[in-house]
Amino acid sequence: MIEKLIVLEDIDPVIFYGVNNANMQLIKALYPKLRIVARGNVIKVLGDEEEMCAFEENILKLEKYCAEYNQLKEETIIDIIKGNAPQAEKSGNVIVFSVTGKPIIPRSENQQKLVDAFREHDMVFAIGPAGSGKTYTAIALAVRALKNKEIKKIILSRPAVEAGEKLGFLPGDMKEKIDPYLQPLYDALQDMIPAAKLQEYMDLNIIQIAPLAFMRGRTLNDAVVILDEAQNTTSAQIKMFLTRMGMNTKMIVTGDMTQIDLPSSQTSGLVQALRILKGVKGISFIELNQKDIVRHKLVTRIVEAYDKYEAATSYKLRATSAERTEKDKEESKGH
């Protein structure tokens, strides 16, 4: 008899073992000749060498399945251990699976274009209105790359621009002041990675979430790097960010041109970057619109209402300006 330790590295043991250790009890029942003890992410096995080899092979298959689908059901355990293909099959357009096992897929034509552009280009700009899925899809692509071991880390960043409130008046230290600006990124990650595993990734700096200012001076290798809310960067900031790109790194820059919170005297770095980088090889530009909005149906109506209002206001301003110019010309003729 021999003893072996198997370490579960890529999954949350709580999901793997099941509610009240139900999955582990089933695995033990399917291997009555082995003595199996599971603690934390380590499974200790004692028994016959040949039986143990088969056990280890199947545990690794179960771990891989659990890491991909974020779930492990009893029927899946039985199928894998008995040598049958598990029932759940991954469809072609699934990016990753949520923590509840729900497939996360592109939900519009332009979201699919973003997925395709990420595969074919090292840098992608995704521009669109609130709720069009640009950030969520970008983070799903990053999580998939990490799970597939194509990269070693995910780096998510946002400019901490005040939108009506002042950072200095928020309570807490700098991290506590900044965290509310980064919360949408945490929310997306929590949808896709089990809580314990996400915390582990963050503790090990495998997943990093930081304000844009913290990117200065870094070279980012073996990573997917996402800059969210890029419309609120200055020209210097976005140039600094884009030039952090290292080897085996992909970047996704997202932004909404209708929600620029910079002072009116300051040009958005994203607006300038789109003009400067147009036509540069290796960079893709994806434009999302109202048809891509996947939040509550009212969000689409709200965006449409604001677009109509801004178009009408702009038309009135142009008309008023033209009238004043004509009036000034007539007055100058009279003099």
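This text follows the structure it describes.
Not measured: the values here are computed from a predicted model.

Q: Tell me about the sheet that holds strand E1 (residues 2-7), and please be specific about residues and values.
A: Taken together, three strands build an open sheet; the order of strands is E1-E3-E2 and the sheet is antiparallel. Each edge of the open sheet carries a strand with a single partner, namely E1 and strand E2 (35-39). Averaged over all pairs of adjacent strands, the angle between their axes in this sheet comes to 15 degrees, without regard to strand direction. The pairing of E1 with strand E3 (residues 42-47) spans six bridges and is antiparallel. Among the inter-strand pairings, leucine 5 is bridged to a residue of E3, identified as lysine 44.

Q: Would you mind going over the sheet that holds strand E10 (residues 249-255) in detail, with residue names and values included?
A: Ordered in space as E8-E7-E9-E10-E6-E11, the six strands form an open sheet in which the pairing is parallel. For this open sheet the edge positions go to strand E8 (207-211) and strand E11 (283-287), each flanked by a neighbour on one side alone. Neighbour-to-neighbour, the strand axes of this sheet turn through a mean angle of 15 degrees, independent of strand direction. Of the strand pairs in this sheet, strand E6 (residues 123-127) and E10 are connected by five bridges, and their pairing is parallel. What sits directly across from valine 124, in E10, is isoleucine 252. Packing of helix H10 (residues 269-277) onto the sheet brings it into contact with E6, E10 and E11, and relative to E6 it is tilted by some 130 degrees.

Q: With reference to specific residues and values, describe unusual backbone geometry.
A: Phi is mostly negative for residues that are not glycine, and the peptide bonds are mostly trans. Located in the positive-phi region is asparagine 21, a residue other than glycine, with phi close to 60 degrees. Under the relative-accessibility criterion, asparagine 21 is labelled partly exposed at 37%. Unusually for a residue other than glycine, lysine 149 sits at a positive phi of about 60 degrees. Mapped onto the fold, lysine 149 is located in the loop between helix H6 (134-147) and strand E7 (153-158).

Q: So what's going on with the pairing of E7? Residues and values would help.
A: Here E7 lies mainly inside the structure; six of its six residues are buried. Burial of E7 is two-sided: the residues Lys153, Ile155 and Ser157 facing one way and the residues Ile154, Leu156 and Arg158 facing the other way are all buried. Strand direction decides the pairing type here: E7 and E8, joined by five bridges, are parallel. Looking at E8, one finds that arginine 158 is bridged to proline 211.

Q: Any details on the nonpolar core? Residues and values, ideally.
A: Of all hydrophobic cores here, the largest spans 36 residues; its most connected members are Ile139, Leu189, Met192 and Ile207. Counting only elements with at least two residues in this core, the list comes to helix H5 (109-120), E6, H6, E7, helix H7 (174-192), helix H8 (195-203), E8 and strand E9 (223-227). In terms of residues, this core owes the most to one element, H6, which gives eight residues. Those residues in contact with isoleucine 139, other than ones at most four positions away along the chain, are Leu156, Leu185, Ala188, Leu189, Met192 and Ile226. Formed by 27 residues, the second largest nonpolar core is a distinct cluster that contains Phe16, Ile59, Cys66 and Ile80.

Q: Would you mind going over a nonpolar patch on the surface in detail, with residue names and values included?
A: Taken together, the side chains of Leu298, Ile302 and Tyr306 present a nonpolar region at the surface, about 320 Å² in accessible area. Residue position: leucine 298 is located in helix H11 (residues 297-334).

About the criteria used
- Note on numbering: residues in each chain are counted from 1, in written sequence order.
- Local features in this predicted model are restricted to residues of pLDDT 70 or higher, and side-chain atom pairs are both shown and tallied only at a pLDDT of 80 or more, whereas totals for entire chains, interfaces and linings draw on every residue.
- As a rule here, side-chain values cover all heavy atoms of the structure and leave hydrogens and water aside.
- In this description, strands pair whenever DSSP reports at least two bridges between them.
- Numbering of helices and strands runs from the N terminus; a helix is a DSSP stretch of H or I covering at least four residues, while a strand is a stretch of E covering at least two.
- Inter-axis angles, ranging from 0 to 180 degrees, are taken between N-to-C directions of lines fitted to C-alpha atoms, where helices are fitted over the stretch in contact.
- The contact definition used throughout considers only heavy atoms, calling two residues in contact when any of these lie within 4.5 Å.
- Exposure is judged per residue with a 1.4 Å probe applied to protein chains only, and the accessible area is read against the type maximum: over 50% gives exposed, under 20% gives buried, and values in between give partly exposed.
- We call a set of buried Ala, Val, Leu, Ile, Met, Phe, Trp, Tyr and Cys residues a nonpolar core when their side-chain atoms join them within 4.5 Å.
- Put simply, a patch holds well-exposed residues, over 30% relative accessible area, that have no salt bridge, with like charges counted together within 9 Å and Val, Leu, Ile, Met, Phe, Trp or Tyr side chains within 5 Å.
- Calculation of accessible area relied on Shrake-Rupley with a 1.4 Å probe; when residues are assessed, cover is drawn exclusively from the protein chains displayed.
- The rule for a salt bridge is simple: a side-chain nitrogen of Lys or Arg has to be within 4 Å of a carboxyl oxygen of Asp or Glu.

Geometric descriptors of this kind do not, in isolation, establish any biological role.
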